[in-house]
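Below are the chains, spelled out letter by letter.
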Amino acid sequence: MTDNKQYDKILIKNLVLKNIAGVEAWQRLKSQPVVISVALFTDVSDAGNTDHVTNTIHYGHVTKAITKLGETCTFKTLESFAHAVVKLCCVQFGALKTEVTVEQPKALLHAAASGVKLTRALEDFSSAGDSVTETTGDISGLGVYDELFVKDLRLHTIVGVNPWEREEKQVVIFNLTIYPSALPYGYKDTERNKSYNLRTIVRTLTRRIEASAYKTIEALGVTIARLAIEKCFVNKISVRIEKPSAILFADCSGIEVTRDCDWLRRILAEEEKAGPFVHYTKKIKFSKEIPADYTETAYIAFGSNVGDRVKNINMALDRIESHCNSVVIDTSFLYETPPMYYEKQASFLNGVCKVLTSLKPHELLAKLKETENTLGRLPTFRNGPRPIDLDILFYDDLVMETDDLIIPHKLIQEREFVLWPLCDIARDMEHPRLFKTNGQLLSQLLKATADSPTGPLKIDKVIPIYQEGLWRWNDKSYIMGILNVTPDSFSDGGKHNVLDNAVKAAWRMKEEGADIIDIGGMSTRPGANDTFPEEEEIKRVVPVISRLRESGFDLPISIDTFRASVALAAIKAGANLINDISGGNRDPQMLNVMAESKLPVCLMHMRGDAQTMMNKENTQYDNDDVVNDVSHVLHSLIQNAIAAGVHRWNIILDPGIGFAKTSEQDFELIRHLKDMSKGYDSLLRGFPSLAGISRKKFIGNVTGVKEAEKRAFGTAGAVAACVAGGVNIIRVHDVRPMWEVVQVCDNIWSHKQQ
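Here the structure is a predicted model, which is why all the values come from computation and not from measurement.

**Some details on a nonpolar patch on the surface**
A surface patch of nonpolar side chains, about 210 Å² in accessible area, is lined by Val 91, Leu 96 and Leu 122. With respect to the helices and strands, the residue Leu 122 is situated in the loop between strand S4 (111-121) and strand S5 (147-159). You can call Leu 122 partly exposed: its relative accessible area is 34%.

The following block contains the structure:
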């Protein structure tokens, strides 16, 4: 409202109704108590002067109207209900301004209540049609005061500096106030990701809070505010934290912090300038162009069980970009799944991609059907074999149902082959119809299938590795045999730089049990020369790869290089995997080569180069936390690769044991391998890993064995630790003895668990 006049208020406090406005604490769409408080801004002078109730807004009539609205209408969310009440008071009863607070005492399991507070003026509805209920409040400017809130969220966490506070979790009470309006920040709602549903925000924050162990509630409060803004796309949030057990003769001690997206931008800019993580990770060098009108987000499921399944999927994704007015911006991991519904057919390869598109839902559907037809899908019986199947799962947060298209896809919740890959890229996204996250849907489905007569399904996360072959990450640990065709490698330099010797060594490693051979033409040991001409590196590796393929060598071959031209030449000669110690960070063309080749790639963590990686600067990590630093940098490398078009299912990670790490840091990484790849909130969750620990210096330092070739027993211990830590590929020199170690370890620490 533009004037400064003082208005009187008609008040209704804590009106309790029974209404369906979103879901209750167990995510069921059921009636639940709703508490409403209303303030109608008006001028009561006429009624005050005449003492006639007809000269004012009758609170009894308002109460009856709100009650009727609540008892006869169902609302998708509590916000929708609040908007309807505001419009009712302004439009039907003529209030110049209305403030409404609506809360649900039973909406969240661990909170006293959650709710919404809105204020709108009559002028906000002046130009809106009769069918428009929800307004942004931009005309009156009152929308900036909108609030979503959570009252008294009671959680248990470790927090405090005293020794006794570090021993046991204590109750901590959180009050959250979220300000959803984009108006103060100068952009439209469509220019930034839509904020998560309040329930999903609370779930995300709860998981972080209960897993944390901060010494101060100040650090906890700032962290939670940042998480809400950065990961849940909140514009502004106030976090109030109370510790009821902190002071014996007081109800509580606590803090309140308020942060917004402008604050986060400043923090990110400062971090980018000062490190610690971004300092060692260069900017994206190659990324896809996204046209300005590609503003809609869709998730598309794909599957194939006829012909060359990997080729079919790659062709489908290429065609989505070339013929469907869309850009693929992320992909899931790839899964081999048993057929569903009609079971007498071959297994499927399944995944999900996230796209930006300019097409409307039915236009996108038509283009996807056209792609299926182009790739050879013929009319057949329902759920039968097919070279490619493309389904729209989600389209923004749209809910629609027509004869030929239902969004969200109606069968998401019963399909593991959809939910597994969907959770890779949208685990915490809330299903707009079922009011549960994709992660919850998968968890509930897994419990149901585990209790079924047939038991859980065998679903394998896979990587296409050679010709039409697949590696199943849950089946075994894979052995990568090291073949250095260099004169100066730290352990075997000069042994295989003669072509015949190199070829014989590769065949021998195959006989000893290797699953893949890693061929490198440049030593990357500390102090080595890694600046000699690319042509020399190509001359070292390409003849070996060519001779092996000519002789019928049928194992996958990895090319160990950080140079794009070397990788490209090796691929043409027959290499099947790019193993880049810089994670695509040193050569500006490498990510492009990785994306266009559609081959598996290994991204490794390191700092500096062979000459500088072991200096003091490159072996110092922020807060002495090498695990955290390596995780963040690898995550950044993943984002770079995905932005360039590398498929998620083709990415393997290597923590870079021995590269820019002291021996103590190497051991610290090995201790936390499982946390890095399998922790619920890990940045690297789900990614397969490779560890190169063979004969390295950290082993010699603790065993006293100075000659690298004699470190086999120490290497065996490190191999066992890596298998226990969930590493998928072990890179070794001594293939046969390490193969035997892995067989024993795999039978102890089975990889056959989903």
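**Examining the environment of Asp 624**
Looking at where Asp 624 falls in the secondary structure, it is placed in the loop between strand S23 (601-604) and helix H15 (626-644). Judged by relative accessible area, which is 75%, Asp 624 ranks as exposed. Here the alpha-carbon distance between Asp 624 and Gln 665, two residues 41 residues apart in the chain, equals 9.0 Å.

**Quick word on the packing of helix H2 (residues 59-72) against helix H3 (residues 78-92)**
Across the interface, H2 lies against H3 with an axial gap of 11 Å and an inter-helix angle of 145°. The two elements H2 and H3 cross, and the hand of that crossing is right-handed. Every residue of H3 that contacts H2 at Val 62, Ala 65, Ile 66, Leu 69 and Gly 70 is listed here: Phe 81, Ala 84, Val 85, Leu 88, Cys 89 and Gln 92. Looking at side-chain class alone, the contact of H2 with H3 contains nine nonpolar, two polar and no charged residues.

**As for unusual backbone geometry**
Residue Pro 408 is reached from Ile 407 by a cis peptide bond, and omega for that bond is -5°. Looking at where Pro 408 falls in the secondary structure, it is placed in the loop between strand S16 (406-407) and helix H9 (416-426). A positive phi angle, close to 60°, is found at Asn 623, a residue other than glycine. With respect to the secondary-structure elements, Asn 623 resides in the loop between S23 and H15.

**Looking at H9**
Taken across its eleven residues, H9 has ten buried, putting it largely inside the fold. Buried within H9 we find Glu 416, Phe 417, Val 418, Leu 419, Trp 420, Pro 421, Leu 422, Cys 423, Ile 425 and Ala 426. The secondary structure elements touched by the buried residues of H9 are strand S10 (296-304), strand S11 (326-331), strand S12 (334-337), strand S13 (348-357), strand S14 (389-395) and helix H10 (438-450).

**Some points on the confidence of the model for the protein**
Chain-level statistics for the protein give a pLDDT mean of 91 and a share of 95% at 70 or above. Taken as a whole, residues 276-282 scores under 50 in pLDDT and shows 20 contacts with residues more than four places along the chain or in a different chain.

**Some words on empty space enclosed by the protein**
The full count for this structure, using the stated rule, is three cavities of 30 Å³ or more. Of the volumes computed, that of the largest cavity is approximately 100 Å³. Lining the largest cavity we find Leu 634, Leu 653, Pro 655, Leu 673, Met 676, Ser 677, Leu 684, Phe 687, Pro 688 and Ser 689. Here the residues of the lining of the largest cavity sort into eight nonpolar, two polar and no charged.

**Describing helix H11 (residues 499-512)**
Helical geometry: 3.6 residues make up each α-helical turn, so side chains three or four residues apart lie on a common side. Helix length check: H11 (14 residues) gives 20 Å between terminal C-alpha atoms against 20 Å at 1.5 Å per residue, within 8%. By the burial criterion, the buried members of H11 are Ala 502, Val 503, Ala 505, Ala 506 and Met 509. Taken end-on, H11 shows its buried residues confined to a sector of 160°, consistent with a single buried face. For H11, the exposed residues set more than 90 degrees away from the buried face come down to Lys 504 and Glu 511. In the core, the buried residues of H11 are packed alongside strand S19 (478-484), strand S20 (516-520), helix H12 (534-550) and helix H20 (735-748). Within two residues after H11, Gly 513 carries a phi angle of roughly 115°, on the positive side.

**Some words on the packing of aromatic side chains**
Throughout the structure, instances matching the rule amount to ten aromatic pairs. An aromatic cluster is defined as three or more aromatic residues linked by ring pairs; in this entry it consists of Trp 471, Trp 473 and Tyr 478. Looking at Lys 461, its charged tip hangs above the ring of Phe 333, at a distance of 4.2 Å from the centre.

**A closer look at the state of the cysteines**
Counting across every chain of the model gives zero disulfides. A disulfide-free cysteine, Cys 324 has its sulfur positioned 9.8 Å from the sulfur of Cys 353, the nearest such atom. Assessed through its relative accessible area of 0%, Cys 324 is described here as buried.

**Overview of the layout of surface pockets**
Size it by volume and the second largest pocket reaches roughly 760 Å³. Lining the second largest pocket we find 36 residues, and of these Arg 382, Asp 389, Asp 391, His 409 and Arg 415 sit closest to its centre. Going through the elements one at a time, S10, S13, helix H8 (361-374), S14 and H9 are the ones with two or more residues in the lining of the second largest pocket. In terms of residue count, S14 provides more of the lining of the second largest pocket than any other element does, four residues in total. Of the residues assigned to the lining of the second largest pocket, the class counts are 18 nonpolar, eight polar and ten charged.

**Quick look at the pairing of strand S18 (residues 469-472)**
Relative to S18, strand S17 (residues 460-466) runs antiparallel, the two sharing four bridges. Paired with Tyr 466 across the two strands is Gly 469, which belongs to S18. Once S17 ends, the chain turns through two residues before running back antiparallel as S18, passing Gln 467 with a positive phi of about 55°.

**Section: the environment of Ser 140**
Assignment of secondary structure puts Ser 140 in the loop between S4 and S5. Residue classification places Ser 140 among the buried positions, given a relative accessible area of 11%. Sequence spacing of Ser 140 and Leu 483 is 343 residues, and the spatial spacing of their C-alpha atoms is 71 Å. Polar side-chain contacts of Ser 140 include one of 2.7 Å to the side chain of Asp 124. Here Leu 142 takes part through its backbone nitrogen, which lies 3.2 Å from a polar atom of the side chain of Ser 140.

Parameters and conventions
Residues numbered from 1 in each chain as written. Predicted model: local features only at pLDDT ≥ 70, side-chain atom pairs only at ≥ 80, totals over all residues. Heavy atoms only, no water. Patch = residues over 30% accessible without salt bridge, like charges linked within 9 Å, V, L, I, M, F, W, Y side chains within 5 Å. Areas by Shrake-Rupley, 256 points an atom, 1.4 Å probe, with all protein chains shown as cover. Salt bridge = Lys/Arg side-chain N within 4 Å of Asp/Glu carboxyl O. Helix = DSSP H or I, 4+ residues; strand = E, 2+ residues; numbered from the N terminus. Buried < 20%, exposed > 50% of the residue type's maximum accessible area, 1.4 Å probe, protein only. Axes fitted to C-alpha atoms, helices over the stretch in contact; angles between N-to-C directions. Left-handed = near helix turned anticlockwise from the far one by under 90°. Contact = heavy atoms within 4.5 Å. Nonpolar A, V, L, I, M, F, W, Y, C, P; charged D, E, K, R; others polar. pLDDT = per-residue confidence, 0-100. 1 Å grid on protein atoms, 1.4 Å probe; cavity = no way out; pocket = protein on both sides within 12 Å on 5 of 7 lines; lining within 4 Å. Points joined across faces, edges and corners; volume = space filled by probe spheres on them. Expected span 1.5 Å × (residues − 1). Arc of directions from axis to C-beta. Phe/Tyr/Trp six-rings, centres within 6.5 Å; stacked < 30°, edge-to-face > 60°. Lys NZ or Arg CZ within 6 Å of the ring centre and 35° of its normal. Disulfide = S-S within 2.5 Å. Pairing = 2+ DSSP bridges. Polar contact = N/O pair within 3.5 Å; in protein donor to acceptor, adjacent residues only side chain to side chain.

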